[in-house]
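# Architecture and fold: a report
Chain residues, written in single-letter form:
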Amino acid sequence: MALQGNLRDFSVTKLLNLIHIAKKSGTLTIQGPNELASLAFLDGKLIYGQRGDEGGRLISILRYNHLLTEEQAATLQTRPEAANDKELGLLLIHANYLTQQAILQSLHKYLNDLVFRLFTWNEGIFQFYLGILPPDDRITVRIDLENLIMEGARRMREFEQLQEEIPNLDYALKFTDRPDARLRNINLSVEEWRVVSYISPKNTMRQIARANRLSEIELRRIVYGLIQAGVVEILLPEGLPPPPSLAKIQPMPKTPEQAGLIKRLADRIRSL
Amino acid sequence: MQTVKMVVTGPFNSGKTAFIRSISEIEVVSTERKISLEVEKVKETTTVAMDFGRITVDDDLVLYLFGTPGQKRFDFMWEILSEGMLGFVVIVDSSRPETFREARFILDTFRAYAPTPYVVAANKQDAPEAWPVDDLRIALKLDPSVKCIPCVANDKEKVKVILLELLGGILQEIETGDKS
């Protein structure tokens, strides 16, 4: 074992930078708050990844990217080729069901999503096993870490912003009491529906994230959208004042005293 | 911390998201979705709940920019977003005259929600088929007192001009008590 520690002391960004710069080959495993993930690298490039116990296999990746239905995935699992991802890939290509390009794109997307998810982990035990690579039957790709690290850093900034808006996940959510709100036509994504289905004064946002296997940033992004859409609001424990960032934006009284405020806004915009 | 907000509205695909992206200091929190209606497939995604951008003035003052969803079936969001707004910008795609009538409708709707100052941004002025601002003003039946300003939403400097014009209008209203 070449390297081990806690993400608190050595972040995912630093780990990936190290692997990239030192062109390391091996497997990084991270035991996060709710799940296990592993990434494999060859000469500093990301070649393979796995989330949880079943992730990383071609069937689950294609399923993850909606390239297979649940029934198709179940049928494929019964085929002898399912034990070997390369053979399974060939089977799908020869059956004209998927092209090689589509399979590789699917693997890229799965790995990118996995890495971006890891960027949001602030806590977790990591271990880097030098020279350990995925089994030969797995399909590997080669992804340059530089762009992934840059995009991950951008997403971290977004995460910090969302954290500012929803600072505490230990509060519950409740549906807004707005008899005038015309919410019947609202369109929610699958993830949003999953969160909505758990909304109850008994469930904290952290519990909802855990139940849906969502990362903190994914949960915050969804809750933030729902709050802004007027669908839900944060249920504060009794006696606590609302967080300042969630206080409702009040109409500004148009008094002469507010002229100074408008001038400050104008000065700031000019300076941008 | 005092927070104030402005709303950026306009018809579908007029450039509201680009407008906010150009000026926001944060990555715009966007709620875009793939477009499902064939007739609206001018672009791949559209805003369904709101776009959200921020400009921090100092430790005590933050300006939020809210972009409204462009598709009509999400118009229930408009009133929610208009609550407490300082003023609003109506973005019009100068190159798509078929959207002018809807732009006028949106303008009137937001004026009904709150009689706050507003400006009209004649967007996509860099497009070869864009209507000149004067023609657009006639097409939208704008009162001569309403500011209609040429705009390219991807150009930060042009966006700054629009926001400064709006702030100028708000300041004038405060100073004169004019509610027109």
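Each remark here, short or long, concerns the structure printed above.
These remarks concern the structure in this document. Only a predicted model underlies this, so the values are computations on that prediction, with no experimental measurement involved. (Residues numbered from 1 in each chain as written. Chains lettered and ligands numbered in written order. Predicted model: local features only at pLDDT ≥ 70, side-chain atom pairs only at ≥ 80, totals over all residues. Heavy atoms only, no water.)

## Comments concerning the overall build of chain B
Counting secondary structure elements, chain B contains five helices and seven strands. Ordering the α and β elements of chain B from the N terminus gives β-α-β-β-β-α-β-α-β-α-β-α. Classification of the 180 residues of chain B by burial places 59% in the buried group. In chain B, of all internal contacts separated by at least 6 residues, the share reaching a separation of at least 24 is 69%. Total accessible area on chain B stands at roughly 7,400 Å², and carbon and sulfur atoms take up 51% of it. (Helix = DSSP H or I, 4+ residues; strand = E, 2+ residues; numbered from the N terminus. Buried < 20%, exposed > 50% of the residue type's maximum accessible area, 1.4 Å probe, protein only. Contact = heavy atoms within 4.5 Å. Areas by Shrake-Rupley, 256 points an atom, 1.4 Å probe, with all protein chains shown as cover.)

## A word on the packing of helix 5 (residues 100-119) of chain A against helix 6 (residues 145-165) of chain A
Working note: a packed helix pair is described by the angle between its axes plus the distance between those axes. Residues and elements named next belong to chain A. Between helix 5 and helix 6, whose axes approach to 9 Å, the crossing angle comes to 45°. When the axes of helix 5 and helix 6 are compared, the pair comes out oblique. Considering how the two elements wind past one another, helix 5 and helix 6 form a crossing that is right-handed. In this structure, helix 5 contributes N112, V115, F116 and F119 to the contact, and helix 6 contributes L148, I149, E151, G152, R155 and M156. For the contact of helix 5 with helix 6, the per-class residue count stands at six nonpolar, two polar and two charged. (Axes fitted to C-alpha atoms, helices over the stretch in contact; angles between N-to-C directions. Parallel < 35°, antiparallel > 145°, perpendicular 65-115°, else oblique. Left-handed = near helix turned anticlockwise from the far one by under 90°. Nonpolar A, V, L, I, M, F, W, Y, C, P; charged D, E, K, R; others polar.)

## Considering the pattern of salt bridges
Residues and elements named next belong to chain A. Counted by the stated rule, this structure contains 23 salt bridges over all chains. With a shortest N-O distance of 3.7 Å, D144 and K45 are connected by a salt bridge. Residue D144 is located in the loop between strand 5 (125-130) and helix 6, and its partner K45 is located in strand 4 (residues 45-51); the two are separated by 99 residues in the primary sequence. Across the salt bridge formed by R57 and D137, the nearest N and O atoms sit 3.5 Å from each other. Here R57 is found in the loop between strand 4 and helix 2 (58-64), whereas its partner D137 is found in the loop between strand 5 and helix 6, with 80 residues between them in sequence. Among the charged side chains, a network of salt bridges with common partners joins E35, R51, R117 and E218. (Salt bridge = Lys/Arg side-chain N within 4 Å of Asp/Glu carboxyl O.)

## Topic: the nonpolar core
The biggest cluster of nonpolar side chains holds 93 residues, and the ones touching the most others in it are L16(A), F41(A), L46(A), M205(A), L219(A) and V120(B). In terms of residue count, the dominant contributor to this core is helix 5 of chain A (nine residues). Looking at which domains feed residues into this core, each of domain 1 (3-156) and domain 2 (166-246) of chain A supplies at least three. Apart from the residues within four sequence positions on either side, F41(A) is in contact with L16(A), I19(A), K24(A), S25(A), G26(A), L28(A), L46(A), I47(A), F128(A), L133(A) and L145(A). Ranked by size, the runner-up nonpolar core spans 34 residues in total, among them V4(B), V119(B), A153(B) and V159(B). (Core = buried A, V, L, I, M, F, W, Y, C linked by side-chain atoms within 4.5 Å. Domains from an automatic or database assignment.)

## Here we look at helix 1 (residues 12-21) of chain A
Residues and elements named next belong to chain A. Among the residues making up helix 1, those that are buried are V12, L15, L16 and I19. Projection of helix 1 onto a plane perpendicular to its axis shows the buried side chains occupying an angular sector of 95°, all on one side. Elements in contact with the buried residues of helix 1: strand 1 (3-6), strand 2 (26-31), strand 3 (36-42), helix 5, strand 5 and helix 6. K23 occupies a position one or two residues after helix 1 and carries a positive phi of about 50°. (Arc of directions from axis to C-beta.)

## Considering the pairing of strand 4 of chain A
Residue and element names in this part refer to chain A. Most of strand 4 sits out of view: five of its seven residues are buried. The pairing of strand 3 with strand 4 spans six bridges and is antiparallel. Paired with L42 across the bridge in strand 4 is K45. Counting the residues between successive antiparallel strands, the hairpin from strand 3 to strand 4 contains two residues, one of them, D43, with a positive phi of roughly 50°. (Pairing = 2+ DSSP bridges.)

## Details of the side chain of T27(A)
All names here are of chain A. As for its placement among the helices and strands, T27 is situated in strand 2. Judged by relative accessible area, which is 12%, T27 ranks as buried. Among the polar contacts made by the side chain of T27, one reaches the main-chain carbonyl oxygen of I132 at a distance of 2.6 Å. Excluding residues that lie within four positions of it along the chain, T27 makes contacts with S38, L39, A40, Q127, F128, Y129, I132 and L133. (Polar contact = N/O pair within 3.5 Å; in protein donor to acceptor, adjacent residues only side chain to side chain.)

## Describing the packing of aromatic side chains
Where two aromatic rings form a pair, the distance of their centres and the angle of their planes describe that pair. Residues and elements named next belong to chain B. Using the criterion set out here, one finds seven aromatic pairs over all chains in the structure. Relative to Y113, the ring of F110 has its centre 5.5 Å away and its plane inclined at 80°; by these criteria the two rings are edge-to-face. Taken together, the residues span about one helical turn, with F110 and Y113 both in helix 3 (residues 100-113) at a distance of three residues. Through successive ring pairs, a cluster of aromatic residues spans F88, F110, Y113 and Y118. Positioned above the aromatic ring of F66, the side-chain terminus of K5 is 5.0 Å from the ring centre. (Phe/Tyr/Trp six-rings, centres within 6.5 Å; stacked < 30°, edge-to-face > 60°. Lys NZ or Arg CZ within 6 Å of the ring centre and 35° of its normal.)

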